[in-house]
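Read off the chains here:
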Amino acid sequence: AQTVTQSQPEMSVQEAETVTLSCTYDTSENNYYLFWYKQPPSRQMILVIRQEAYKQQNATENRFSVNFQKAAKSFSLKISDSQLGDTAMYFCAFMKPGTSYGKLTFGQGTILTVHP
Amino acid sequence: EAEVAQSPRYKITEKSQAVAFWCDPISGHATLYWYRQILGQGPELLVQFQDESVVDDSQLPKDRFSAERLKGVDSTLKIQPAELGDSAMYLCASSLAATYNEQFFGPGTRLTVL
């Protein structure tokens, strides 16, 4: 079974600065997908960014980028130019293709607070 | 912008009572998921539907939980009887297909069992 670990329960950053959230996972699969989801206070969870394991290039979405280290099974999220609206709980998630296609396995989450 | 709808948003019940949650996915989304999120933890998949068929219910406590998606559109999750440990947020999500497509989440139903 796959496991996802987020070792930082809480993080804080000043507005306009950069912060990195950590995620490690355990799997014996070679092909899979990784995601970062954002859950703002009292609002829906939304997708931030995703990465296909077969792609060596790290995914980027505007101010959000990942550092995907397949051998180390590490998938960190970097948020540049942090904004107050980035305050949320962030979840790292794993998905493997095949019979479990679509099933997301989430980490415990990291609460990120952006201070003005 | 299309969204996943859930109701009720909040539910308080006493243990041993029955509760039901409803989810209406984004139109055209064939795959529907029910997750349970205990406070301070990540969501855990309870059941996954492809159209009206269950494709994964391995984590669903079948002695007390049931889920259906009769016409392959909206879905109901039921708990009977509710237990104290069922207190959690119940999230519904949908996607176009069971692939690595983005899953769109609803606002959730916060259940409190007294």
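For the structure, see preceding data.
What you see is a predicted model, and the numbers here were worked out from it, not measured in a lab. (Residues numbered from 1 in each chain as written. Chains lettered and ligands numbered in written order. Predicted model: local features only at pLDDT ≥ 70, side-chain atom pairs only at ≥ 80, totals over all residues. Heavy atoms only, no water.)

Caption draft 1: Quick peek at the sheet that holds strand β3 (residues 19-24) of chain B. Residues and elements named next belong to chain B. If you trace the four strands from one edge of the open sheet to the other, you get β1-β3-β8-β7, paired in antiparallel fashion. At either margin of the open sheet sits one strand with a lone partner, and together these are β1 (5-7) and β7 (65-68). Mean inter-strand twist for the sheet, computed between neighbouring axes without regard to direction, equals 15 degrees. The pairing of β7 with strand β8 (residues 75-79) spans four bridges and is antiparallel. The partner of phenylalanine 65 across the bridge, within β8, is isoleucine 79. (Pairing = 2+ DSSP bridges. Helix = DSSP H or I, 4+ residues; strand = E, 2+ residues; numbered from the N terminus. Axes fitted to C-alpha atoms, helices over the stretch in contact; angles between N-to-C directions.)

Caption draft 2: Region of interest: the nonpolar core. Counting residues in hydrophobic clusters, the biggest one holds 25 residues, and the most contacted among them are A:Tyr25, A:Trp36, A:Phe75, A:Leu77 and A:Tyr90. Contributions of two or more residues to this core are made by β3 (19-21), β5 (33-39), β6 (46-52), β8 (64-69), β9 (74-79), β10 (88-95) and β12 (110-115) of chain A. If you look at the next biggest cluster of nonpolar residues, it comprises 20 residues, including B:Val19, B:Leu60, B:Ile79 and B:Val113. (Core = buried A, V, L, I, M, F, W, Y, C linked by side-chain atoms within 4.5 Å. Buried < 20%, exposed > 50% of the residue type's maximum accessible area, 1.4 Å probe, protein only.)

Caption draft 3: Summary view of the layout of surface pockets. The volume enclosed by the largest pocket comes to roughly 460 Å³. In terms of lining, the largest pocket is formed by 26 residues, of which the most central are A:Gln39, A:Pro40, A:Ser42, B:Met89 and B:Arg110. Looking at side-chain class alone, the lining of the largest pocket contains 14 nonpolar, nine polar and three charged residues. Estimated volume of the second largest pocket: approximately 300 Å³. A:Gln44, A:Met45, A:Ile46, B:Glu1 and B:Glu3 are the residues nearest the centre of the second largest pocket, which is lined by 17 residues in total. Contributing elements (two or more residues each) for the lining of the second largest pocket: β6 of chain A together with β10 (104-105) of chain B. Within the lining of the second largest pocket, the residues separate by chemical class into nine nonpolar, three polar and five charged. (1 Å grid on protein atoms, 1.4 Å probe; cavity = no way out; pocket = protein on both sides within 12 Å on 5 of 7 lines; lining within 4 Å. Points joined across faces, edges and corners; volume = space filled by probe spheres on them. Nonpolar A, V, L, I, M, F, W, Y, C, P; charged D, E, K, R; others polar.)

Caption draft 4: Just the interface of chain A and chain B, in detail. The interface of chain A with chain B comprises 19 residues on the first partner and 22 residues on the second. For the chain A and chain B pair, buried surface summed over both sides reaches about 1700 Å², with 53% attributable to carbon and sulfur atoms. Put simply, chain A and chain B have zero salt bridges between them. Joining chain A to chain B, the criterion identifies two residue pairs in polar contact (both at pLDDT 80 or more). Those elements that place two or more of their residues in the side of chain A that touches chain B are β5, β6 and β10 of chain A. Among the elements that take part in the side of chain A that touches chain B, β5(A) stands out by supplying four residues, more than any other. Looking at the side of chain A that touches chain B, its residues break down into eleven nonpolar, five polar and three charged. (Contact = heavy atoms within 4.5 Å. Buried area = accessible area lost by both parts, 1.4 Å probe. Salt bridge = Lys/Arg side-chain N within 4 Å of Asp/Glu carboxyl O. Polar contact = N/O pair within 3.5 Å; in protein donor to acceptor, adjacent residues only side chain to side chain.)

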